[in-house]
Amino acid sequence: MSKKSRLRALKAKQLREQESFEREEQQEKLQAKNGAQSRSAKKYIKSAKRKEHIAFKVIKVIMLFPYAVNCLFFGLVMVTAILFVGINDIEKTTAYVLLAEIAAVTLGLVFAFFRKYILTFIFSGGGSIMFFYEGVKFVRKIRYYMANYYVPPENAHMDIKYMLFFYPSIIIAVCSAALLTVTAVKAVLKRKREKDEFNNRPTKSIIDQ
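Presented here is a report on the structure given in the accompanying data block. Predicted, not measured: the structure shown is a model, and the values here were computed from it.

Before going further, it helps to spend a moment on helix H3 (residues 92-113). Spanning 22 residues, H3 covers 33 Å between terminal C-alpha atoms, matching the ideal 32 Å at 1.5 Å per step. Those residues of H3 lying buried are Thr-94, Ala-95, Leu-98, Glu-101, Ile-102, Ala-104, Val-105, Gly-108, Leu-109 and Ala-112. Where H3 is buried, its residues contact helix H2 (54-85), helix H4 (117-148), helix H5 (158-166) and helix H6 (170-199). Looking at the residues trailing H3, positive phi occurs at Arg-115, about 65°.

See below:
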């Protein structure tokens, strides 16, 4: 075999080795990526399967009632009335604000069932407080109207009706705060317990004796 042929054979061998190395490297990267994804999936599944205290479930169910009745039903009724019927001097921007608040509460409740209680507090707590505040403004306007204009007897308690529409939404804020507080307390107690266990662990010198 000539020198030129040997060089070609050597070069071809090096190319084959390089291709083989690249394939192996690619497979290793793919396996590592799949492994990371599976670990993440396993972690999520484990978290989802982890049993939660009954108190958390009860609080979430309590939150659903004012959400469904006050935020979703009455809130959307108010939005429809403002946008398509008109309520005295209520501006249409109020309807869009109500929609944003209802959307925030909805998103927060979704986070609650995924056990993301900080986000639950931010969205559901914040949204329900703002929804409650809109109700306070409605009631103030109604009471001003009732004090300065004639109101038919059947509407003599109109302010109370609107209070019942809006005010129960504050229950959602209270519940989201309770979820966050209990979770934070549990985390602090767990950290303290782990720290105490570490501090009470026998040292090497004692074991050796």
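Turning to the packing of aromatic side chains, a few remarks are in order. Note on aromatic pairs: each is described by the distance of the centres and the angle between the planes. For the coordinates displayed, the defined rule picks out 10 aromatic pairs. Ring geometry for Phe-131 against Phe-166: centres 5.0 Å apart, planes inclined by 40°, an arrangement best described as tilted. Residue Phe-131 is found in helix H4, and its partner Phe-166 is found in helix H5; the two are separated by 35 residues along the sequence. Among the residues examined, Phe-131 registers a relative accessible area of 1% and is labelled buried. A relative accessible area of 1% means that Phe-166 is categorised as buried. Among the aromatic side chains, those forming a connected cluster through ring pairs are Phe-73, Phe-74, Phe-131, Phe-138, Tyr-162, Phe-165 and Phe-166.

Conventions and cut-offs
- The written sequence of each chain sets the order in which its residues are numbered from 1.
- Reporting of local features is limited, given that this is a predicted model, to residues whose pLDDT is at least 70; pairs of side-chain atoms are given and counted only at 80 or more, and all residues count toward the totals for whole chains, interfaces and linings.
- Think of the side-chain values as coming from all heavy atoms in the structure, minus any hydrogens and water.
- Counting from the N terminus, the helices are the DSSP runs of H or I reaching at least four residues and the strands are the DSSP runs of E reaching at least two.
- In this scheme, a helix's expected span is set at 1.5 Å multiplied by one less than its residue total.
- Classification of residues uses two cut-offs on accessible area relative to the type maximum, computed with a 1.4 Å probe and protein chains only: under 20% is buried, over 50% is exposed, and between them is partly exposed.
- We call two residues in contact whenever any of their non-hydrogen atoms come within 4.5 Å of each other.
- Aromatic rings from Phe, Tyr and Trp, with only the six-membered ring used for Trp, were paired whenever their centres fell within 6.5 Å, and each pair was classed as stacked if the ring planes differed by under 30 degrees, edge-to-face if by over 60, and tilted otherwise.

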